[in-house]
Amino acid sequence: MRTSPLHPRFGMVVHDVNLRDVTNEHLYPEIRQAFETHSALLFPAQSISDADHIRLAELFGPLENREAMAAGRDIEFQLPELTNKTKDGVRAKDDLRQLDLQANMLWHTDSTFLPTPALINILTAKVVPPSGGETELASTRAAWADMPAHLIAALKDAVIWHRLSHSRSKISADLAALPKMTRWPDRPWRAIWPNPVTREEALFIASHAFAIEGMGHEESQALLDEAIAFCTQPEYVYSHQWSVGDVLIWDERATLHRGRPWDYDHPRTLKSICCSVTDADGLKLVRVI
């Protein structure tokens, strides 16, 4: 594979690879090693179908199917679509589904509120606005390596609790109260996630994080806010301006991400698949026993 840096501290751009050609034996081992080492990979100007997207994701692990998780039974996987499009145009700015998209503009890690968190997000652009709507990534691995001593001391052995409705409440009380947002019990994870391949540590944190075990509410929130603010300084952030066909993937164990605003009169559609972490990906290293 021919590659170039995505950001001075993390990430790679992968050139001259057609993701439709990737199989478990062909190119995937190299892609997986780059993913473990660099945390984020950009494949520009791809042309993948939904079936291609699913097939690529399945190489990384089990497809995250929240409806099946919630129901406790098999439900056919539906490829998630992040869009403000409707059959009649675009959603109103106060539509709860549009507000949910805006909640993704908080710095977050996908699925920290689920029984099994996500390993990876594979995101591709189908419709992009004329400007805005970027996706930004922040390396919590690079940031943890540089983190001040007082934050390391407070977080290295911490257990952080996560709740989806907590992040949604920052946008809208009505959004946070929806059954879809309240159906998951609060979830604890260790604050530091060592990569099982490289052994490098990363801070595992999100906008869904609402408490640190053993601390009061105000102390927890102040520490969580300070840690996220440190991780999302410009020197740790890559901002991606989408072109149709781009495929951006990142390691949920070692990055934060957020969307950026755009003129909501213009449609924007991205398709996203998360894969769940397995024991081979270091789940036992972060699970609270």
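Scroll up for the structure.
Residues numbered from 1 in each chain as written. Predicted model: local features only at pLDDT ≥ 70, side-chain atom pairs only at ≥ 80, totals over all residues. Heavy atoms only, no water.

### Digging into the pairing of strand β1 (residues 2–5)
Stage number 1. For β1 and strand β2 (residues 12–15), the ladder comprises four bridges, and the chain directions are antiparallel. In the sheet register, Ser4 faces β2, and the bridge partner there is Val13.
Stage number 2. Hairpin connection of β1 to β2: six residues between the antiparallel strands, including Gly11 at a positive phi of 85 degrees. (Pairing = 2+ DSSP bridges. Helix = DSSP H or I, 4+ residues; strand = E, 2+ residues; numbered from the N terminus.)

### A word on the sheet that holds strand β4 (residues 81–83)
Stage number 1. Spatial ordering of the open sheet is given by β1-β2-β3-β15-β7-β17-β4, a layout of seven strands whose pairing is mixed. Only two strands of the sheet have a single partner each, and these edge strands are β1 and β4. Across the sheet, the mean angle from the axis of one strand to that of its neighbour is 25 degrees, orientation sign disregarded.
Stage number 2. Sitting on the sheet, helix α2 (residues 50–60) is in contact with β7 (118–127), β15 (247–251) and β17 (269–276), with an inclination near 25 degrees to β17. (Axes fitted to C-alpha atoms, helices over the stretch in contact; angles between N-to-C directions. Contact = heavy atoms within 4.5 Å.)

### Quick look at α2
Stage number 1. For α2, every residue scored as buried is listed here: Asp52, His53, Leu56, Ala57 and Phe60. Looking down the long axis of α2, one finds its buried residues gathered within 130 degrees of arc, a one-sided arrangement.
Stage number 2. Where the residues of α2 are buried, they touch α1 (28–38), β7, β15 and β17.
Stage number 3. Looking at the residues trailing α2, positive phi occurs at Gly61, about 155 degrees. (Buried < 20%, exposed > 50% of the residue type's maximum accessible area, 1.4 Å probe, protein only. Arc of directions from axis to C-beta.)

### Re the packing of aromatic side chains
Stage number 1. Scanning the model with the defined rule gives five aromatic pairs in all.
Stage number 2. With a centroid separation of 4.8 Å and 80 degrees between ring planes, the pair formed by Trp262 and Tyr264 is classed as edge-to-face.
Stage number 3. Owing to a relative accessible area of 8%, Trp262 belongs among the buried residues under this scheme.
Stage number 4. Linked through ring pairs, Tyr28, Phe35 and Phe60 together constitute an aromatic cluster. (Phe/Tyr/Trp six-rings, centres within 6.5 Å; stacked < 30°, edge-to-face > 60°.)

### Focus on helix α10 (residues 217–231)
Stage number 1. Given a rise of 1.5 Å per residue, 15 residues ought to cover 21 Å, and the 21 Å separating the end C-alpha atoms of α10 matches this to within 8%.
Stage number 2. Those residues of α10 lying buried are Ser220, Gln221, Leu223, Leu224, Ala227, Ile228, Phe230 and Cys231. (Expected span 1.5 Å × (residues − 1).)

### A few points about unusual backbone geometry
Stage number 1. The backbone of Leu27 sits at a positive phi, close to 80 degrees, despite the residue not being glycine.
Stage number 2. In this fold, Leu27 is placed in the loop between β2 and α1.
Stage number 3. A positive phi is found at Ala45, a non-glycine position, where the angle reads about 50 degrees.
Stage number 4. Topologically, Ala45 is positioned in the loop between β3 (40–43) and α2.

### Observations regarding the sheet that holds strand β10 (residues 187–190)
Stage number 1. The three strands lie next to each other as β10-β9-β13, forming an open sheet whose pairing is antiparallel. Two strands lie at the open edges of the sheet, namely β10 and β13 (209–212), each paired on one side alone. Between one strand and the next, the sheet's axes are offset by a mean angle of 35 degrees, whatever the strand orientation.
Stage number 2. Where strand β9 (residues 159–162) and β10 come together, four bridges link them in antiparallel fashion. Across the sheet, residue His162 finds its bridge partner in β10, namely Arg187.
Stage number 3. Packed onto the sheet, α10 meets β9 and β13 and runs at close to 120 degrees relative to β13.

These values are about where atoms sit, not about what they do.
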